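Fold and contact review
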Amino acid sequence: MHDTLVELRRDLHRHPEPAWREFYTTARIVDELETRTVDELHVGPEVLGEDRTAVPDEAELDEWYDRAREAGARADLLDRLRGGNTGAVAVLRRGEGPTVGLRVDIDGLPITESDADDHRPAAEGFRSANEGYMHACGHDAHAAIGVGVLDAVAESDFSGTLKVFFQPGEEMVAGGRSMAEGGHLDDVDSLLAVHVGLDHPTGEVVAGIGGFLAVSQFRADFTGEAAHAGGHPERGRNAVQAMAAAVQNLYAIPRHADGATRVNAGRVGGGTASNIVPEEAFVDAEVRGETTELMEYVDDRARRVVDHAAAMHDCEVAVTQVGRAPSGESDEELVAVVADAAEVTDGVDTVTRRDELGGSEDATYLMNKVQENGGLAAYVCVGTDHPGGHHTPTFDVDEASLSIGVDVLATAVEEIGRRRP
Ligand SMILES: [Zn+2]
Ligand SMILES: [Zn+2]
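Residues numbered from 1 in each chain as written. Chains lettered and ligands numbered in written order. Predicted model: local features only at pLDDT ≥ 70, side-chain atom pairs only at ≥ 80, totals over all residues. Heavy atoms only, no water.

**Points about the layout of surface pockets**
Basically, it comes down to this: Cavities and pockets were defined on a 1 Å grid built from protein atoms only: a cavity is a group of points that admits a 1.4 Å probe but offers it no way out, a pocket is an open group of points flanked by protein on both sides within 12 Å along at least five of seven lines, and a lining residue is one with an atom within 4 Å of any such point. Grid points are joined across faces, edges and corners, and a volume is the space filled by probe spheres set on the points. The numbering of helices and of strands both runs from the N terminus, where a helix is a DSSP run of H or I of at least 4 residues and a strand a run of E of at least 2. Note on residue classes: Ala, Val, Leu, Ile, Met, Phe, Trp, Tyr, Cys and Pro are nonpolar, Asp, Glu, Lys and Arg are charged, and everything else, Gly too, is polar. What counts as a domain boundary in this text is fixed by an automatic or database domain assignment.
Space inside the largest pocket adds up to approximately 1100 Å³. Lining the largest pocket are 46 residues, and of these Glu171, Met172, Val173, Gln217 and Glu286 lie nearest its centre. Among the secondary structure elements, those contributing two or more residues to the lining of the largest pocket are strand E7 (214-223), strand E8 (261-270), strand E9 (280-289), strand E10 (316-325) and strand E11 (350-356). A per-class count over the lining of the largest pocket returns 19 nonpolar, 12 polar and 15 charged. When we break the lining of the largest pocket down by domain, the ones giving at least three residues each are domain 1 (2-212 + 328-419) and domain 2 (214-325).

**Regarding the coordination of the zinc ion (ligand 2)**
What counts here: For Na, K and Ca the donor cut-off is 3.2 Å, and for all other metals it is 2.8 Å, counting N, O and S atoms only; because water is absent from this set, sites may look incomplete. Only protein chains enter the accessibility calculation, which uses a 1.4 Å probe; a residue is then buried when its area is under 20% of its type maximum, exposed when over 50%, and partly exposed in between.
For the zinc ion (ligand 2), every protein donor is listed as Cys137 (SG), His139 (NE2) and His195 (NE2), and the spread of their distances is 2.1 to 2.4 Å. Each donor residue of the zinc ion (ligand 2) belongs to the same chain, and together they define the spacing C-x1-H-x55-H. Between the zinc ion (ligand 2) and the zinc ion (ligand 1), both coordinated by cysteine 137, there is a metal-metal distance of 3.1 Å. There is no split in this pair, since cysteine 137 and histidine 139 are both buried.

**Side note on helix H11 (residues 363-372)**
For clarity, the threshold we go by: Only heavy atoms enter the contact rule, under which two residues are in contact if any of them lie within 4.5 Å.
Of all 10 residues making up H11, seven are buried, and the element is well covered by its neighbours. Those residues of H11 that sit buried are Ala363, Thr364, Tyr365, Leu366, Met367, Asn368 and Val370. Next to the buried residues of H11 lie strand E3 (99-105), strand E4 (160-167), helix H7 (175-180), strand E5 (190-196), E10 and strand E12 (376-382). Of the residues one or two after H11, glycine 374 is the one with positive phi, at around 95°.

**Observations regarding the packing of aromatic side chains**
For clarity, the cut-off: Each Phe, Tyr or Trp ring (for Trp, its six-membered ring) is paired with any other whose centre lies within 6.5 Å, and the angle between the two planes then decides the class: stacked below 30 degrees, edge-to-face above 60, tilted in between. To sit over a ring, a charge needs its Lys NZ or Arg CZ within 6 Å of the ring centre and within 35 degrees of the ring normal.
Throughout the structure, instances matching the rule amount to three aromatic pairs. Consider the rings of tryptophan 64 and tyrosine 133, whose centres lie 4.8 Å apart with planes at 90°: the pair is edge-to-face. Of this pair, tryptophan 64 sits in helix H3 (residues 58-70) while tyrosine 133 is found in the loop between helix H5 (120-123) and helix H6 (139-154), placing the two residues 69 residues apart along the sequence. Considering the side-chain rings of phenylalanine 212 and tyrosine 379, the 5.0 Å spacing of their centres and the 75° angle between planes classify their relative orientation as edge-to-face. Of this pair, phenylalanine 212 sits in the loop between strand E6 (204-210) and E7 while tyrosine 379 sits in strand E12, and the two are 167 residues apart along the sequence. Residue phenylalanine 212 is classed as buried on the basis of its relative accessible area, which comes to 0%. The exposure class assigned to tyrosine 379 is buried, which follows from its relative accessible area of 0%. The ring of tryptophan 64 has arginine 67 sitting right over it, with the charged end atom 4.2 Å from the ring centre. When the ring centre of phenylalanine 282 is taken as reference, the NZ or CZ atom of arginine 219 above it lies at 4.2 Å.

**A look at the domain arrangement of the protein chain**
Stated precisely, the cut-off is as follows: Buried area: the accessible surface (1.4 Å probe) lost by two parts on joining, summed over both. Should a side-chain nitrogen of Lys or Arg be within 4 Å of a carboxyl oxygen of Asp or Glu, the pair is scored as a salt bridge. Counted as a polar contact is a pair of N or O atoms within 3.5 Å, where, for protein atoms, one must be capable of donating a hydrogen and the other of accepting one, and residues adjacent in sequence contribute only when both atoms are in side chains.
Per the domain assignment, the segments making up the protein chain are domain 1 (2-212 + 328-419) and domain 2 (214-325). For domain 1 and domain 2, the distance between their C-alpha centroids amounts to 34 Å. Each partner contributes to the interface: domain 1 provides 12 residues, whereas domain 2 provides 11 residues. Overall, the association of domain 1 and domain 2 removes approximately 730 Å² of surface from exposure, summing both partners, and the carbon and sulfur fraction of that is 46%. At the junction of domain 1 with domain 2, the criterion picks out zero salt bridges. Counting across the domain 1 and domain 2 interface gives five residue pairs in polar contact (both at pLDDT 80 or more). Its residues assigned to classes, the side of domain 1 that touches domain 2 comprises six nonpolar, four polar and two charged.

**Some remarks on the sheet that holds E5**
The condition is simple: Strands qualify as paired when DSSP identifies two bridges or more between them. To obtain each axis, a line is fitted to C-alpha atoms, and for helices this fit is confined to the stretch in contact; angles are then taken between N-to-C directions over 0 to 180 degrees.
Spatial strand order, E1-E2-E4-E3-E5-E12-E6-E11: eight strands in an open sheet with mixed pairing. The sheet is open, and its two borders are formed by strand E1 (40-43) and E11, each paired with just one other strand. Within this sheet the neighbouring strands show an average axis-to-axis angle of 20°, counted without direction. Here E6 pairs with E11 via six bridges, running parallel. Residue pairing across strands places glutamate 204 opposite threonine 350, the latter belonging to E11. Lying over the sheet, H6 contacts strand E2 (88-94), E3, E4 and E5, oriented at roughly 165° with respect to E4. Running over the sheet, helix H12 (residues 400-419) touches E3, E4, E5, E6 and E12 and is turned about 170° from E5.

Here you go:
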């Protein structure tokens, strides 16, 4: 099994695709699963809610679609993913018992992969074939682990239903909400989500990650009116001024007594020339909070800042939500099951009960939904030695952690089947 998973992981590593463009990735996963003992396979629009954010334009989608086809993805599967409806849910039905979910994310990042000799994917021929894009967070490993867990649970004494959610668009904080609303999560009693690495070495398992920062990412497009900057500046309405006023005042939002918040105006642009009053400008910004309420506090004020910065310079502004995710916590009952499973797994030498993520993750949409329905959720970290940090050109996973992840999760799934009616 290990060799099959390594082969799959390396193939996915060669074809990294960002949010809603995971055409090759989804087709490859589904193609792989069709040869296995899976009872149901739901693909693309069948697994997503209607309301998606951060979907690229048609030309961009077409480019990635064609690229996937040229890379050898099956045409009949690609056809089902049209419009960037990527992702899949695989279901294994094994009699009476609870419905257990496992969420793995499958997207890559816009970063150029290292071609250094000591970077293993480069040295061993599975470096990214999509120049400028890379699996720099280990989601290729997650997809392989998802397939491996289906295999392992199919061969176990598990009683119940297992659903594996292959989720697109995590890095844009865009796929989680859509997948949570896709319908397949509604009957899930216990949900596990998994991430490799996160600065934990091979052999360590963290049974319950918490401390997810809730996040809201948005783009504000300011529109003014062009005019001759020398001849008639009074006739112009300056969109760059509006944008700049917004950026300054986003950082002026007061902190909050209840906990940590974050603000970042990460990317700006606007105008066309030094002698033209700029007609258009934009800012890509995000806010975060230790809790969902704290994020909403900053988010509400950020929207007000943007609106009034536009008004101050007689401009219009349109705000588009890009990514969004609530905060989340792992449930103790499930954390205990995972910790026990890790204790008896070969290759695990350290079981850490809890740790904080300190970043954001849209698995929280799925976790919160299951918890709101009365179920349990846990976010598990499977340690892996990674030479470079996450989101850097030299990131790589230690493939030994694939089997460890599969074993820990499959054992936990089997145990959940025993425990919860
Ligand atoms: Zn990441
Ligand atoms: Zn990640």
